[in-house]
Amino acid sequence: MKKIGWVIVGMALSAGTQAATLSYDFTSDQALTDFTFDGRLGLFDSALGTLTGVTLEVYGEFTTALAIGNTSTNARGTVRALYDFSMLFSSSLAPLNELLTETQMEWQKDTGKQQLEPSQTMSWADTESHAGFIDVSSLLSSFAVAGGGDFDLSCTSNTSTMVAMGGNGWFSQTTLGACSATVTYTYDEAPLYTLPIEGGFSGGPMPVPEPPSLAVLGLGLAYMAARGRARKAGAA
């Protein structure tokens, strides 16, 4: 009788599912541009439950130090610098690449025309960052894998600078970049059950009983109750 009681408790507990979230992320170190960083993110282990949503966040950052100057000691000079940054993302998951093309990040900075006195120097230091969010719930089957695993997500930086100056102008520039990404899974946890085994208990995922199964269980309980009453009446 005790064994039946344990099975009933386990089935009752399995009737409710609970929503949960799981995230994986990576962050690259800052590096001189141009660079490519190969990151990895975890796939969802389908044994954990039923995947209901996937969100991917990608992030790019550039820090640049720019200096322009006039080497002439007796004449003014005009200098202008325009610099452009871009961060591109790609993945080993082919369906995801189609969505990543929409997250290309671009920045532009323009110093404008600068009148420099003889031997004068001007400098700028800027940090620019952008984040992009992608709802990839339409690709659930690509992210849910038995046993989990991971997938590649790479970021590539590109920079270019155009400088307009006279014969006495000079410039220098140093640019560092970094990228990061986070994938977040929302899912319904797989229900747990507990069954008695010799020397202990066992637990693991168990499907929620369908209505016909519950009906059979109810009939079984009613039969056991009726049998118990009959035994008591016979003993009396």
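In case you missed it, the structure is sitting above this.
If you're wondering where the values come from, they're calculated on a predicted model, not measured in any experiment.

Some details on the overall build of the protein
In terms of helices and strands, the protein carries 4 helices and 14 strands. Taking as baseline every contact in the protein between residues at least 6 positions apart, the subset at least 24 positions apart corresponds to 84%.

Considering the packing of aromatic side chains
The description of two aromatic rings rests on the distance between their centres and on the angle between their planes. One pass over the structure, following the stated rule, counts 9 aromatic pairs. When the ring of Phe62 is compared with that of Phe85, the centres are 4.8 Å apart and the planes differ by 20°; the resulting orientation is stacked. With Phe62 in strand 5 (residues 49–70) and Phe85 in strand 6 (residues 77–91), this residue pair connects regions lying 23 residues apart in the sequence. For the pair Phe143 and Phe151, a centre-to-centre distance of 5.6 Å together with 85° between the ring planes defines the contact as edge-to-face. Overall, the relative accessible area of 1% leaves Phe143 in the buried class.

Focus on the state of the cysteines
According to the stated counting rule, one finds 1 disulfide in the structure shown. The partner cysteine of Cys155 in its disulfide is Cys179, sulfur to sulfur 1.8 Å. Within this pair, whereas Cys155 is found in strand 11 (residues 150–165), its partner Cys179 is found in strand 12 (residues 169–189), the two being separated by 24 residues in sequence. Of the residues examined, Cys155 reaches a relative accessible area of 0% and is grouped as buried.

Notes on the nonpolar core
One recurring pattern in soluble globular proteins: nonpolar side chains tend to sit buried together. Counting 34 residues, the largest nonpolar core has Leu56, Met87, Phe143 and Tyr185 as its most contacted members. Residue assignment for this core shows that the elements contributing at least two residues are strand 1 (19–27), strand 5, strand 6, helix 2 (94–100), strand 7 (105–110), strand 11 and strand 12. Per-element tally for this core: the top contributor is strand 5, with 6 residues. Residues contacting Tyr185, with those up to four places away along its chain left out, are Ala20, Thr21, Leu22, Tyr24, Gly42, Leu43, Phe44, Leu51, Gly53, Val54, Phe143 and Phe151.

Let's talk about the pattern of salt bridges
Under the definition given, this model contains 5 salt bridges. In this structure, Arg40 engages Asp152 in a salt bridge whose closest nitrogen and oxygen atoms are separated by 2.3 Å. Remark: Asp152 occurs in strand 11 and Arg40 occurs in strand 3 (residues 36–42); sequence separation between them is 112 residues. Taking relative accessible area as the criterion, Arg40 reaches 46% and is therefore assigned partly exposed. Taking the relative accessible area as the measure of exposure, Asp152 reaches 28% and is therefore partly exposed. Here Glu128 makes a salt bridge to Lys109, at a shortest N to O gap of 3.0 Å. Separated by 19 residues along the polypeptide, Glu128 in strand 9 (residues 121–135) and Lys109 in strand 7 bring together distant segments of the chain.

Conventions and cut-offs
- Residues numbered from 1 in each chain as written.
- Predicted model: local features only at pLDDT ≥ 70, side-chain atom pairs only at ≥ 80, totals over all residues.
- Heavy atoms only, no water.
- Helix = DSSP H or I, 4+ residues; strand = E, 2+ residues; numbered from the N terminus.
- Contact = heavy atoms within 4.5 Å.
- Phe/Tyr/Trp six-rings, centres within 6.5 Å; stacked < 30°, edge-to-face > 60°.
- Buried < 20%, exposed > 50% of the residue type's maximum accessible area, 1.4 Å probe, protein only.
- Disulfide = S-S within 2.5 Å.
- Core = buried A, V, L, I, M, F, W, Y, C linked by side-chain atoms within 4.5 Å.
- Salt bridge = Lys/Arg side-chain N within 4 Å of Asp/Glu carboxyl O.

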